[in-house]
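Here are the chains, one letter per residue:
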Amino acid sequence: MNAEEMVADLVSALDLERIEENLFRGRNTGEGFRRLFGGQVIAQALVAASRTVADDRPPHSLHAYFMREGDHSVPVVYQVERDRDGKSFSTRRVIAIQHGRPIFNLAASFQVEEKGLEHQFDMPDVPAPETLISDMDWRLQFADQIPEAALERFLQERPIEFRRVDPSIPGSGARPPQQNIWFKAIAPVPDDAALHRCMLAYASDMTLLSTSERPHNIAWWDEAMQIASLDHALWFHAPFRVDDWLLYVQDSPRSSGARGFNRGLIYDRSGVLVASVTQEGLIRNRDLA
């Protein structure tokens, strides 16, 4: 598929089928390869929750847990619980189901837009994305160092493009637990603010966990490692477009107990902090277990 077709396919996957009043079904994207991609489930669950809330109440936060590995070969069913609709806030819970069992749950809060006090951390001074190597060119540089079993996934084309400020290959040496990565959709996205939020939720799961792997010189294809997202939280602060460059500023303050804790701040090109993310992931070395 070309760039426009890949983005259109993701947009289509986020257009869930309504089965019943609070029940939705979503097809899977190609990003998961053989295992269901967590960012897809986060994004689709947010779509399901959003479709039960008035349009004048955009989401401001979500908190999610991954409970079971998803099956890429079958669709995901999303069941929404309408917990509360107050004067300013609405809350929803979503269960993602496959084979009759929950694989993921999400709680989301929505708020009527209102003005308030504002402050933010400044965006770090990093090179512009146009000056950095494209993610695919970076991957092709290192393709001969990737095990054959992992090469197809390593070179997989995606609807989201990344440009890394520090483009180091996993497993090539220990690095500090920080990284800055520009990202955007590889083709224009329709003018729908809800869709842009859900696509950012999709992209926010793509690189964050690897931040906690950097100090330990971990490569995700290492068979001694078991790596998976455990939970994910996302806060929306300001409007943005996911088809314009966004800077994902990531760090990992701590890893322990076979878990890595990661944080992310997402800025638009003008320096506005538009979203914040946290995630804990399993980074289990089977040789140490």
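Just so it is clear, the model here is predicted, and its values are computed rather than measured.

**Re the overall build of the chain**
Now for step 1: Looking only at helices and strands, the chain has six helices and 12 strands in total.
Now for step 2: Computed over the C-alpha atoms, the radius of gyration of the chain is 18 Å, within 12% of the 19 Å expected from 2.2 N^0.38 for a compact globule of 289 residues.
Now for step 3: When burial is assessed residue by residue, the chain has 48% of its 289 residues classed as buried.
Now for step 4: Taking contacts inside the chain between residues at least 6 apart in sequence as the whole, the part at least 24 apart equals 72%.
Now for step 5: In the form shown here, the chain has an accessible surface area of approximately 14300 Å², with 49% of it arising from carbon and sulfur atoms.
Now for step 6: When the 31 basic and 42 acidic side-chain charges of the chain are each reduced to a single mean position, those positions are 5 Å apart.

**Focus on the side chain of Ser90**
Now for step 1: Summarising the element assignment, Ser90 is placed in strand E5 (residues 89-98).
Now for step 2: Ignoring any residue separated from it by four or fewer positions in sequence, one finds Ser90 in contact with Val53, Arg57, Arg84, Asp85, Ala108, Ser109 and Phe110.

**Focus: helix H5 (residues 193-203)**
Now for step 1: Counting buried residues along H5, nine of its 11 residues qualify, which places the element largely inside the surrounding structure.
Now for step 2: When we look at burial in H5, the residues that qualify are Leu195, His196, Arg197, Cys198, Met199, Leu200, Ala201, Tyr202 and Ala203.
Now for step 3: In this structure Asp192 caps H5, since a side-chain oxygen of it lies 3.0 Å from the backbone nitrogen of Ala194.

**Quick look at the environment of Pro177**
Now for step 1: Along the polypeptide, Pro177 turns up in the loop between strand E7 (160-164) and strand E8 (178-185).
Now for step 2: In the structure, Pro177 is positioned 94 residues away from Asp83 in sequence and 38 Å away in space, judged by C-alpha atoms.
Now for step 3: If we skip the residues at most four places from it in the chain, Pro177 touches Thr211, Pro215, Gln250, Asp251 and Ser252.

**Things to note about helix H1 (residues 3-13)**
Now for step 1: For H1, every residue scored as buried is listed here: Met6, Val7, Leu10, Val11 and Ala13. One face of H1 carries all of its buried residues, which in axial projection span an arc of 165°.
Now for step 2: In this fold, the buried residues of H1 make contact with helix H2 (38-50), E8 and H5.
Now for step 3: Between a side-chain oxygen at the N-terminus of H1 and the backbone nitrogen of Glu4 the separation is 3.2 Å; the capping residue is Asn2.

**Some points on the sheet that holds strand E4 (residues 76-85)**
Now for step 1: If you trace the 12 strands from one edge of the open sheet to the other, you get E1-E2-E4-E5-E6-E3-E9-E12-E11-E10-E8-E7, paired in antiparallel fashion. The sheet is open, and its two borders are formed by strand E1 (17-20) and E7, each paired with just one other strand. Pairs of neighbouring strands in the sheet enclose a mean axial angle of 25°, with direction left out of account.
Now for step 2: Relative to strand E10 (residues 246-256), E8 runs antiparallel, the two sharing six bridges. By the bridge assignment, Ile181 is partnered in E10 with Tyr248.
Now for step 3: In the packing of H5 onto the sheet, contacts are made with strand E3 (59-66), E7, E8, strand E9 (225-236), E10, strand E11 (259-268) and strand E12 (273-285), and the angle to E9 comes to roughly 150°.

**Here we look at the packing of H2 against H5**
Now for step 1: Put simply, H2 and H5 touch, their axes get as near as 7 Å, and they point 155° apart. By the angle between their directions, the pair H2 and H5 is classed as roughly antiparallel. In this structure, the crossing between H2 and H5 has a hand that is right-handed. Contacts from Gly39, Gln40, Ile42, Ala43, Leu46 and Val47 of H2 reach H5 at Arg197, Cys198, Ala201 and Tyr202.
Now for step 2: When its residues are assigned to classes, the contact of H2 with H5 shows seven nonpolar, two polar and one charged.

Cut-offs used in this document
- Residues numbered from 1 in each chain as written.
- Predicted model: local features only at pLDDT ≥ 70, side-chain atom pairs only at ≥ 80, totals over all residues.
- Heavy atoms only, no water.
- Helix = DSSP H or I, 4+ residues; strand = E, 2+ residues; numbered from the N terminus.
- Rg over C-alpha atoms; globule rule 2.2 N^0.38 Å.
- Buried < 20%, exposed > 50% of the residue type's maximum accessible area, 1.4 Å probe, protein only.
- Contact = heavy atoms within 4.5 Å.
- Areas by Shrake-Rupley, 256 points an atom, 1.4 Å probe, with all protein chains shown as cover.
- Lys, Arg positive; Asp, Glu negative; His and termini not counted.
- Charge placed at Lys NZ, Arg CZ, Asp CG, Glu CD.
- Polar contact = N/O pair within 3.5 Å; in protein donor to acceptor, adjacent residues only side chain to side chain.
- Arc of directions from axis to C-beta.
- Pairing = 2+ DSSP bridges.
- Axes fitted to C-alpha atoms, helices over the stretch in contact; angles between N-to-C directions.
- Parallel < 35°, antiparallel > 145°, perpendicular 65-115°, else oblique.
- Left-handed = near helix turned anticlockwise from the far one by under 90°.
- Nonpolar A, V, L, I, M, F, W, Y, C, P; charged D, E, K, R; others polar.

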